[in-house]
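The primary structure of each chain is shown beneath.
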Amino acid sequence: QLKAKEKEKIEPGSNTLTLAAEYNFGTDAYLKTYFMDRERFRAYARNNIDPLKELGIKDRNPIAIFTNGPVEIGMSTGQPLVTISEGSAVKPSIGITLTNRQEIQDKDKRIITRWDGRIKNITELVLLVPPGIELPDIDKCSKPESDEERLKCPCSMPFKEYKKEDCYSSCHDNVLDPCNHVCNEAFKGPKDENELKNCKDECQNSAYDCAIECDLSFESDESSSPSGEKYKGYALDVGSLKFKDLNKDIDKHRSFQCRFEAPDKEKLLDKTPITIRYFRARAKYNYLLENSVIVNVEEPPKGAINAVPEQLFKSAVDSIEFNRELQFRGFTPD
């Protein structure tokens, strides 16, 4: 149902009507990354040897793989092969970019899906790093006491530690609660008890699936960590003052960058010349879809406004019971 604002008149003639729908969504992504001990890399470099080519690695520029949806997650370490050295002053970095997807094409470049919306705001962004890697001085990101401490924050925006318990809480706040709210708004009548129960059961199932994803996100496969060590999580502080102004109507994209280190090379590197590890990222956001249509408004004939007696009109309106079983089949000539 569309209604003009009070005291706002739609003039006769051509008018542009904008329809908008907002909903929450989530996207996951991962990035394959190659790691090598820095001294070993220097030995290859002294002999002008490309280690990736020398070791027969064909996928030399891996890109982030992300789940389907209206937003693309890009991840990059700047170079496909990251060299690791304990105590190095120059730390490698990883960048994450959330981009509005305009369209999706198949292998023949044919458009199969088109998105005409934008990210309204980010509710959660999580970076999960493989065992042996961590973001140094992450505590300096929240409420730094001086400019010197602020510069020690390893990320371009404030990040904080993110544990599995935080992920469970996010499932409650970003999945279960919004879903239950929609159910309560959609099924208010006494005849809607069964529909309300079914709707809330679906919400519980979604929250349960979310919790399972939390468990899987922190798990490492045997190749990543033979000892069974878990991934470490770090989350964007979406409530920080520094990010507050940037977290509004994200028309195209938002980018973040964090420096990382490997304080224990043994946990990260295998005994092979090159080690393959995966960075993971999870994002939750509110997405806004808008569409504009042209509506032609005609001036009503004189006297037509009061053609129906007021009491008859009011009785007709009051007698209609809007429920799920009502099927409106259009006006008759009468």
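Residues numbered from 1 in each chain as written. Predicted model: local features only at pLDDT ≥ 70, side-chain atom pairs only at ≥ 80, totals over all residues. Heavy atoms only, no water.

## Re the packing of aromatic side chains
Okay, so step 1: Applying the stated criterion across every chain, the model contains 8 aromatic pairs.
Okay, so step 2: Note on Tyr23 and Phe25: the rings are 5.9 Å apart at their centroids and 75° apart in plane angle, and the pair reads as edge-to-face.
Okay, so step 3: What makes Tyr23 partly exposed here is its relative accessible area of 27%.
Okay, so step 4: Ring geometry for Phe35 and Phe279: centres 6.3 Å apart, planes at 50°, overall tilted. (Phe/Tyr/Trp six-rings, centres within 6.5 Å; stacked < 30°, edge-to-face > 60°. Buried < 20%, exposed > 50% of the residue type's maximum accessible area, 1.4 Å probe, protein only.)

## Examining helix α5 (residues 193-218)
Okay, so step 1: In a regular helix each residue adds 1.5 Å, so 26 residues correspond to 38 Å; α5 covers 38 Å between its end C-alpha atoms and thus fits that length.
Okay, so step 2: Considered for burial, the residues of α5 that qualify are Cys199, Cys203, Ala207, Cys210, Cys214, Ser217 and Phe218.
Okay, so step 3: Turning to α5, the residues buried within the fold contact β8 (117-129), β9 (159-162), α4 (164-186), β10 (232-236) and β12 (275-297). (Helix = DSSP H or I, 4+ residues; strand = E, 2+ residues; numbered from the N terminus. Expected span 1.5 Å × (residues − 1). Contact = heavy atoms within 4.5 Å.)

## Brief notes about the pairing of strand β3 (residues 71-76)
Okay, so step 1: Side-chain alternation along β3 places Val71, Ile73 and Met75 on a buried face and Glu72, Gly74 and Ser76 on a face that remains uncovered.
Okay, so step 2: Sheet analysis places β3 next to strand β5 (residues 93-100), joined by 6 bridges and oriented antiparallel. Directly across from Gly74, in β5, lies its bridge partner Thr97. (Pairing = 2+ DSSP bridges.)

## Side note on α4
Helical periodicity: at 3.6 residues per turn, an α-helix aligns residues three or four positions apart in one direction.
Okay, so step 1: Between the first and last C-alpha of α4 there are 32 Å, a value that for 23 residues agrees with the 33 Å anticipated at 1.5 Å per step.
Okay, so step 2: The axis of α4 is deflected most strongly, by about 30°, at Leu176, and proline Pro178 appears within four residues downstream.
Okay, so step 3: All of the buried residues along α4 are Cys167, Ser170, Cys171, Val175, Leu176, Asn180 and Cys183.
Okay, so step 4: On its buried side, α4 packs onto β8, β9, α5 and β12. (Bend = angle between axes of the 7 residues up to and from the residue.)

## What about the packing of α4 against α5?
Okay, so step 1: Where α4 contacts α5, the axes come no closer than 9 Å and their chain directions differ by 160°. Classified by the angle their axes make, α4 and α5 are roughly antiparallel. Between α4 and α5 lies a crossing whose hand is right-handed. Together, Lys164, Cys167, Tyr168, Cys171, Val175, Leu176, Cys179, Asn180, Cys183 and Asn184 of α4 and Leu196, Cys199, Lys200, Cys203, Gln204, Ser206, Ala207, Cys210, Ala211, Cys214, Asp215 and Phe218 of α5 make up the contact between the two elements.
Okay, so step 2: By residue class, the composition of the contact of α4 with α5 is 15 nonpolar, 4 polar and 3 charged. (Axes fitted to C-alpha atoms, helices over the stretch in contact; angles between N-to-C directions. Parallel < 35°, antiparallel > 145°, perpendicular 65-115°, else oblique. Left-handed = near helix turned anticlockwise from the far one by under 90°. Nonpolar A, V, L, I, M, F, W, Y, C, P; charged D, E, K, R; others polar.)

## Quick look at the environment of Pro12
Okay, so step 1: Along the chain, Pro12 falls in the segment before β1 (13-37).
Okay, so step 2: Taking the relative accessible area as the measure of exposure, Pro12 reaches 38% and is therefore partly exposed.
Okay, so step 3: Through-space distance from the C-alpha of Pro12 to that of Glu299 is 5.6 Å; in sequence the pair is 287 residues apart.
Okay, so step 4: If sequence neighbours within four positions are ignored, Pro12 has contacts with Val297 and Glu299.

## Describing the pattern of salt bridges
Okay, so step 1: Inspection of the entire model under this criterion finds 16 salt bridges.
Okay, so step 2: The closest approach of N and O atoms between Asp139 and Lys140, which form a salt bridge, is 3.4 Å.
Okay, so step 3: A salt bridge links Lys267 to Glu229; the shortest N-O distance between them is 3.1 Å. Here the residue Lys267 occupies a position in helix α7 (residues 265-268), and Glu229 occupies one in the loop between α5 and β10, the gap between them amounting to 38 residues.
Okay, so step 4: You can call Glu229 partly exposed: its relative accessible area is 29%.
Okay, so step 5: Several salt bridges share partner residues, and in doing so they unite Asp28, Glu213 and Arg282 into one network. (Salt bridge = Lys/Arg side-chain N within 4 Å of Asp/Glu carboxyl O.)

## A word on a nonpolar patch on the surface
Okay, so step 1: Taken together, the side chains of Leu17, Leu19, Val293 and Val295 present a nonpolar region at the surface, about 240 Å² in accessible area.
Okay, so step 2: As for its placement among the helices and strands, Leu17 is situated in strand β1. (Patch = residues over 30% accessible without salt bridge, like charges linked within 9 Å, V, L, I, M, F, W, Y side chains within 5 Å. Areas by Shrake-Rupley, 256 points an atom, 1.4 Å probe, with all protein chains shown as cover.)

## Section: the sheet that holds β3
Okay, so step 1: Read from one edge to the other, the open sheet built from 3 strands follows the order β3-β5-β11, with strand pairing classed as antiparallel. A single partner strand is all that each edge strand has here, and the edge strands are β3 and β11 (253-259). Strand-to-strand twist in this sheet, taken as the mean axis angle between neighbours without regard to direction, amounts to 15°.
Okay, so step 2: Inspection of the sheet shows β5 paired to β11 by 7 bridges, in the antiparallel sense. From the neighbouring strand, Leu98 faces β11, where its bridge partner is Arg254.

## Considering unusual backbone geometry
Okay, so step 1: Not every positive phi belongs to a glycine, and Asn48 is a case in point at roughly 55°.
Okay, so step 2: Following the sequence through the fold, Asn48 ends up in the loop between α1 (38-46) and α2 (51-54).
Okay, so step 3: Asn48 sits in the exposed class, given a relative accessible area of 74%.

Interpretation in functional terms is not warranted from these geometric data alone.
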